[in-house]
Amino acid sequence: MTPTFRLQKVLAMKEKEKEKAFGEYEEAVRRFEQAAETLYRLLKEKEECAAARDEQLQAGLSVGDIRLRLQYMANLERMIDHYQLVVMQAREQMQRRQQRLMELNIEVKKYEKMRERIKRWAEQLEREAERRLLDEMAVQRFARQGEV
């Protein structure tokens, strides 16, 4: 006789909620990684551009070329600032999703632990009932042997 876990529907609902939260967490991680990769590429491009500018300044540049390079570097700086903000927001969202996932995981484990306790309790009751039955059968057998 296996016991029925009265809260099975709640457990199933919490598991689905946990699965959904896991998907949202994975999506947040993906967004964070994409933003971080873009920021890295921009920083690397800025570094390369600065190195190329320094080399060309040594060789000599026209005022127009210098102006274009400065404007390009300023645009690059604005993009870097923007992506630093995007990365920060994506990291915060990823951490919030991770925290929510951990909370749901704890809830699911609580329900699973309750289910396991009920199962052990039912098994113990079943063993006790079986022992009582065997004891009663032994008493009856002993009583019959005494009659003979």
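To be clear, the structure that these remarks concern was listed above.
Counting from 1, residues in each chain are numbered in the order their sequence is written. Whole-chain, interface and lining totals are the exception, using all residues; otherwise, since this is a predicted model, local features are given only for residues with pLDDT of at least 70 and side-chain atom pairs are given and counted only at 80 or more. Remark: hydrogens and water are excluded; side-chain values derive from all non-hydrogen atoms of the structure.

Caption draft 1: Structural view of the overall build of the chain. By the criteria applied, helices consist of DSSP H or I runs no shorter than four residues and strands consist of E runs no shorter than two, each listed in order from the N terminus. Looking only at helices and strands, one finds two helices and zero strands in the chain. Radius of gyration means the value over C-alpha atoms here, while the globule rule gives 2.2 Å times the residue count to the 0.38 power. A compact globule built from 148 residues should have a C-alpha radius of gyration of about 15 Å, whereas the chain, at 35 Å, is more than 25% larger. Seen through its principal axes, the chain has C-alpha atoms that stretch 125 × 25 × 15 Å. Three exposure classes are used, based on accessible area relative to the maximum for each residue type with a 1.4 Å probe and protein chains only: buried under 20%, partly exposed in between, and exposed over 50%. Put simply, the chain has 148 residues, and 17% of those count as buried. Residue contacts are defined here by distance: any two heavy atoms, one from each residue, within 4.5 Å place the two residues in contact. Within the chain, counting contacts between residues at least 6 apart in sequence, those at least 24 apart form 88% of the total. Each accessible area value is a Shrake-Rupley result obtained with a 1.4 Å probe; residue values ignore everything except the protein chains displayed when judging cover. When the accessible surface of the chain is totalled, it reaches about 12000 Å², and 54% of it is carbon and sulfur. By the counting scheme adopted, Arg and Lys are positive, Glu and Asp are negative, and His together with the chain ends is not counted. For this purpose, a charge sits on NZ of Lys, CZ of Arg, CG of Asp or CD of Glu. On the chain, the mean spot of the 31 positive side-chain charges and the mean spot of the 28 negative ones are 4 Å from each other.

Caption draft 2: Molecular detail of the nonpolar core. One finds Tyr25, Phe32, Val87 and Met94 to be the most contacted residues of the largest nonpolar core, which totals 15 residues. Counting only elements with at least two residues in this core, the list comes to α1 (8-59) and α2 (63-147). A per-element tally of this core places α1 first, with eight residues. By nonpolar core we mean a set of buried residues, namely Ala, Val, Leu, Ile, Met, Phe, Trp, Tyr and Cys, connected to one another through side-chain atoms within 4.5 Å.

Caption draft 3: Local environment of α1. Expected span of a helix: the number of residues minus one, times 1.5 Å. Between its first and last C-alpha atoms α1 spans 76 Å; for 52 residues at 1.5 Å apiece the expected length is 76 Å, and the two agree. Gly60 sits one or two residues past α1 and shows a positive phi near 105°.

Caption draft 4: Fine view of the environment of Leu68. Here Leu68 is to be found in helix α2. A residue is classified by how much of its surface remains accessible, and Leu68, at 54% relative accessible area, is exposed. For the pair formed by Leu68 and Ile80, sequence separation is 12 residues and the distance between their alpha carbons is 18 Å.

Caption draft 5: Structural detail: a negative patch on the surface. Taken together, the side chains of Glu116, Glu123, Glu126 and Glu130 present a region of like negative charge at the surface. Examined against the element boundaries, Glu130 turns out to sit in helix α2. Note on Glu130: relative accessible area 48%, which makes it partly exposed. Patches here: salt-bridge-free residues with over 30% relative accessible area, like charges joined within 9 Å, nonpolar side chains (Val, Leu, Ile, Met, Phe, Trp, Tyr) joined within 5 Å. Every case where a carboxyl oxygen of Asp or Glu lies within 4 Å of a side-chain nitrogen of Lys or Arg is listed as a salt bridge.

Caption draft 6: Layout of the pattern of salt bridges. Counting across every chain of the model gives seven salt bridges. For Arg100, the salt bridge identified is with Glu17, shortest N-O distance 2.6 Å. You can see Arg100 sitting in helix α2 and its partner Glu17 sitting in helix α1, a full 83 residues away along the chain. Classification of Glu17 as partly exposed rests on a relative accessible area of 26%. For Lys46, the salt bridge identified is with Glu77, shortest N-O distance 2.2 Å.

Caption draft 7: Just a nonpolar patch on the surface, in detail. On the surface, Leu57, Ile66 and Leu70 cluster together to form a nonpolar patch covering roughly 250 Å² of accessible area. Mapped onto the elements, Ile66 comes out in helix α2.

Caption draft 8: Spatial organisation of the side chain of Lys14. Here Lys14 lies in helix α1. Overall, Lys14 belongs to the buried group, its relative accessible area being 14%. Discounting residues that sit within four places of it in the chain, Lys14 has contacts with Glu107, Val108 and Tyr111.

Interpretation in functional terms is not warranted from these geometric data alone.
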